[in-house]
Protein chains: 2
Amino acid sequence: VAEPGTVQPLRFDEGALLVLDQRALPGTERWLRCESPGDVADCISTLAVRGAPAIGIAAAYGLALAGEDRDGAAELLRSTRPTAVNLAWAIDQVLAAPDALARARELHREQEAADRRLAELGAERFSPGDRALTHCNTGALATAGYGTAGGVLRAAWERGRLHQVWVDETRPLLQGARLTTYELARAGIPYRLITDSSAGTLMARGMVDRIVVGADRIAANGDVANKVGTYPLAVLAARHDVPFYVAAPLSTIDAGTPSGDAIPIEERDAAEVAPGLPGLNFAFDVTPAELVTGIVTEAGVLEPPYEEAIAAVAER
Amino acid sequence: VAEPGTVQPLRFDEGALLVLDQRALPGTERWLRCESPGDVADCISTLAVRGAPAIGIAAAYGLALAGEDRDGAAELLRSTRPTAVNLAWAIDQVLAAPDALARARELHREQEAADRRLAELGAERFSPGDRALTHCNTGALATAGYGTAGGVLRAAWERGRLHQVWVDETRPLLQGARLTTYELARAGIPYRLITDSSAGTLMARGMVDRIVVGADRIAANGDVANKVGTYPLAVLAARHDVPFYVAAPLSTIDAGTPSGDAIPIEERDAAEVAPGLPGLNFAFDVTPAELVTGIVTEAGVLEPPYEEAIAAVAER
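Here is what the cut-offs are and how they apply
- Residues numbered from 1 in each chain as written.
- Chains lettered and ligands numbered in written order.
- Predicted model: local features only at pLDDT ≥ 70, side-chain atom pairs only at ≥ 80, totals over all residues.
- Heavy atoms only, no water.
- Contact = heavy atoms within 4.5 Å.
- Buried area = accessible area lost by both parts, 1.4 Å probe.
- Salt bridge = Lys/Arg side-chain N within 4 Å of Asp/Glu carboxyl O.
- Polar contact = N/O pair within 3.5 Å; in protein donor to acceptor, adjacent residues only side chain to side chain.
- Helix = DSSP H or I, 4+ residues; strand = E, 2+ residues; numbered from the N terminus.
- Nonpolar A, V, L, I, M, F, W, Y, C, P; charged D, E, K, R; others polar.
- Buried < 20%, exposed > 50% of the residue type's maximum accessible area, 1.4 Å probe, protein only.
- Least-squares fit on C-alpha atoms with pLDDT ≥ 70 in both.
- Pairing = 2+ DSSP bridges.
- Phe/Tyr/Trp six-rings, centres within 6.5 Å; stacked < 30°, edge-to-face > 60°.
- Lys NZ or Arg CZ within 6 Å of the ring centre and 35° of its normal.
- Patch = residues over 30% accessible without salt bridge, like charges linked within 9 Å, V, L, I, M, F, W, Y side chains within 5 Å.
- Areas by Shrake-Rupley, 256 points an atom, 1.4 Å probe, with all protein chains shown as cover.
- Lys, Arg positive; Asp, Glu negative; His and termini not counted.
- Charge placed at Lys NZ, Arg CZ, Asp CG, Glu CD.
- Axes fitted to C-alpha atoms, helices over the stretch in contact; angles between N-to-C directions.
- Parallel < 35°, antiparallel > 145°, perpendicular 65-115°, else oblique.
- Left-handed = near helix turned anticlockwise from the far one by under 90°.

Caption draft 1: Seen up close, the interface of chain A and chain B. Between chain A and chain B, the residue contacts involve 40 residues of the former and 40 residues of the latter. Considering only the side of chain A, the residues that lose the most area to chain B are Ser197(A), Arg239(A) and Leu280(A), jointly responsible for 17% of the buried surface there. Put simply, Arg171(A) and Glu169(B) hold a salt bridge, and the shortest N to O gap is 2.6 Å. Taken together, chain A and chain B are joined by 14 residue pairs in polar contact (both at pLDDT 80 or more). Sorting the residues of the side of chain A that touches chain B by element identifies helix H7 (175-187), strand E6 (191-194), helix H8 (199-204) and helix H9 (230-239) of chain A as the ones contributing at least two each. The biggest single contributor to the side of chain A that touches chain B is H9(A), with five residues. By residue class, the composition of the side of chain A that touches chain B is 23 nonpolar, nine polar and eight charged.

Given below as structure tokens:
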């Protein structure tokens with residue numbers, strides 16, 4: 001059930017997956033109707049739906065739309081984006097189930113419940129008056145409908161433990177400026193937008209009390225792949241003693257990938273940075289575990305040494 | 001004398017200062033005709049001309065256009081932008097001279113000669129095959145007509161000591177994406193454009209051999225105010241052992257400002273980041289001297305301890 005202030009990115013209805021087109025937000029609320037795995041794959045690769053948990057759920061529903069060739073559909077969906085591990089995880093979950101649609105719906109509910117739980121646990125790390133900084137978009141739009149880092153911010157706000165959010169605009173696609181500001185405004189949470197490269201000077205001036213970001217894949221040693229620009233934030237946070245939290249459901253943890261070096265990093269079209277100019281556009285970067293204060297999951301806030309903490313929750 | 005490939009930002013001709021409108025570049029080459037100190041002040045505060053050395057020269061010519069109220073004109077020009085010290089320096093130089101226009105022309109020539117000299121000295125620090133990263137725009141457009149960090153890159157290229165430039169796009173006003181790519185392309189220097197927050201992952205992957213940036217003001221202890229985003233680069237460079245150079249003429253050194261804490265940092269309209277959203281837009285940040293490998297000036301490459309090195313050149 002959606003609460004006031006939340007925007008659901010995905011809805012399964014009458015044999016089709018409805019995807020809120022995030023490329024058109026915040027200006028336009030346009031829904032795309034997907035009737036096949038190919039339609040869903042297109043929505044994922046063109047970023048109509050984005051955010052590691054959300055693309056996992058979308059792919060699960062996409063597989064539920066497959067005809068007889070479920071393996072082909074799974075392969076197609078798996079190939080859309082390489083970095084977020086939630087995608088492969090959700091596909092494997094649905095492939096292993098007797099009823100694909102029932103399992104997709106269940107994953108959707110389970111992941112939303114996981115978000116709510118991790119948001120509560122993360123909010124406990126906040127203190128009244130906190131000015132928190134976040135990067136990219138990790139709210140309801142990026143997830144099963146509540147939010148990871150965005151959920152933590154929301155829960156902290158509801159508990160009176162948040163004064164204001166600094167929102168990184170998040171170039172090149174401006175998920176922070178377009179989507180996070182939109183969600184925070186709807187939830188009534190005060191924020192101020194900054195350029196990505198302003199975060200350092202805010203930390204140096206003592207204007208940031210806490211950083212919380214999402215993740216696209218967490219390796220067995222605690223290294224975190226997330227939207228490009230996360231790694232510089234973590235380095236600056238360490239220098240300025242600002243606690244740096246990663247919020248992600250257990251489905252984002254990839255115990256089969258030993259470290260960040262082994263995480264495939266998507267390189268996107270340089271035209272996203274500036275059309276017509278030679279460029280290089282890595283969509284993600286890797287933050288070494290040593291820079292992460294805690295990983296907020298639905299099973300608790302993991303703390304160093306991550307190798308052990310992750311092994312313990314991965315067995316569950 | 002302009003060389004092929006350079007674009008001169010300022011020209012004094014027939015009793016007026018002609019300013020190349022950098023807001024319209026690279027799409028349009030439009031010249032603005034300034035016939036009074038007020039016209040020049042408008043060009044500086046609206047960023048038609050920008051770059052610490054260039055606004056110093058523009059202000060010098062602006063003062064040469066003053067009628068009897070030279071002090072009023074000086075005050076007006078001085079108030080346009082707070083961070084770059086070249087502005088106040090150039091105004092003081094012209095105020096102290098018997099013939100304002102002759103002194104402005106002389107400063108223009110002297111500063112261009114200083115750029116050429118510091119570019120040569122900086123290029124000596126480069127090695128064949130170097131992939132250098134730069135931020136904002138510090139070429140001919142930003143200066144008296146040759147470039148500071150941009151001049152170093154150019155001189156390194158001409159001497160076969162540069163393989164390629166990584167250009168930070170430099171949000172919010174995209175001086176890197178609009179102006180630096182334009183200048184590098186005209187000079188035939190290979191480059192690739194990146195988002196500001198990609199620099200960290202390029203350094204972590206060993207893809208950056210050297211960083212060179214300009215400066216708006218250098219304090220007596222070697223702290224450097226420059227375009228916002230410079231400080232995170234310096235922190236990342238230190239972590240990855242990438243040499244980090246600041247290139248600036250002696251006119252950018254403010255021996256009267258003891259440290260970076262005392263440098264006024266311009267806060268610009270948040271609408272530059274995203275119109276209509278609450279934001280915060282510091283135009284500059286401060287890089288502590290401890291993170292700077294060398295300060296490339298026309299009097300030599302200054303090295304730590306900067307307090308002494310700066311005191312020695314400030315006396316000249």
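Caption draft 2: Quick peek at the pattern of salt bridges. Scanning the entire structure with this criterion turns up 38 salt bridges over all chains. Residue Arg210(A) pairs with Asp130(A) through a salt bridge whose shortest N-O separation is 2.5 Å. You can see Arg210(A) sitting in strand E7 (residues 210-213) and its partner Asp130(A) sitting in the loop between helix H5 (100-123) and strand E4 (131-134), a full 80 residues away along the chain. Residue classification places Asp130(A) among the buried positions, given a relative accessible area of 5%. The residue Arg78(B) makes a salt bridge to Asp92(B) at a minimum N-O spacing of 3.2 Å. Note that Arg78(B) is positioned in helix H3 (residues 70-78) and Asp92(B) in helix H4 (residues 85-95), a separation of 14 residues in sequence. Look at the salt bridges and you will find they share partners, linking Arg81(A), Glu266(A), Arg268(A) and Glu272(A) into a network.

Caption draft 3: Layout of the relation of the copies chain A and chain B. Structural alignment of chain A on chain B gives an RMSD of 0.0 Å, achieved by rotating through 180° and translating 0.0 Å along the axis. What the rotation and shift describe, once combined, is the action of a two-fold rotation axis.

Caption draft 4: Representation of the pairing of strand E10 (residues 244-247) of chain B. Residues and elements named next belong to chain B. A two-sided burial pattern is seen for E10, the buried positions comprising Phe-244 and Val-246 on one face and Tyr-245 and Ala-247 on the other. Across three bridges, the pairing between strand E7 (residues 210-213) and E10 is parallel. Its bridge partner being in E10, Ile-211 is matched across the sheet by Phe-244. Across three bridges, E10 lies against strand E13 (residues 294-297) in parallel orientation. Along E13, the bridge assignment pairs Ala-247 with Val-296.

Caption draft 5: Representation of the packing of aromatic side chains in the model. Throughout the structure, instances matching the rule amount to two aromatic pairs over all chains. Ring centres of Phe12(A) and Tyr61(A) lie 5.1 Å apart, and the angle between their planes is 15°; on these two criteria the pair is classed as stacked. Of this pair, Phe12(A) sits in strand E1 (residues 10-13) while Tyr61(A) sits in helix H2 (residues 52-64), and the two are 49 residues apart along the sequence. The class for Phe12(A) is buried, based on a relative accessible area of 12%. The positively charged end of Arg205(B) is found above the aromatic ring belonging to Phe282(A), 4.0 Å away from the centroid. Geometry around Phe126(B) places Arg210(B) over its ring, the cationic atom sitting 5.5 Å from the centre.

Caption draft 6: Local environment of a negative patch on the surface. Residues and elements named next belong to chain A. A cluster of acidic residues, Glu-68, Asp-69, Asp-71 and Glu-75, forms a negative patch on the protein surface. Mapped onto the elements, Glu-68 comes out in the loop between H2 and helix H3 (70-78). Accessibility expressed as a relative area gives 84% for Glu-68, which makes it exposed.

Caption draft 7: Highlighting the packing of helix H1 (residues 37-45) of chain B against helix H2 (residues 52-64) of chain B. All names here are of chain B. Viewed as axis vectors pointing N to C, H1 and H2 meet at an angle of 165°, and their least axial separation amounts to 8 Å. In terms of axis orientation, H1 runs roughly antiparallel to H2. For the pair H1 and H2, the crossing hand works out as left-handed. On H2, the residues that touch Pro-37, Val-40 and Ile-44 of H1 are Ile-55, Ala-58, Ala-59 and Gly-62.

Caption draft 8: Just the side chain of Asp285(B), in detail. The residue Asp285(B) is located in strand E12 (residues 284-287) in this model. Despite being buried, Asp285(B) has no salt bridge partner; Arg205(A) is the closest side chain of opposite charge, sitting 8.9 Å away. In this structure the side chain of Asp285(B) is engaged in a polar contact, spanning 3.3 Å, whose partner is the backbone nitrogen of Thr230(B).

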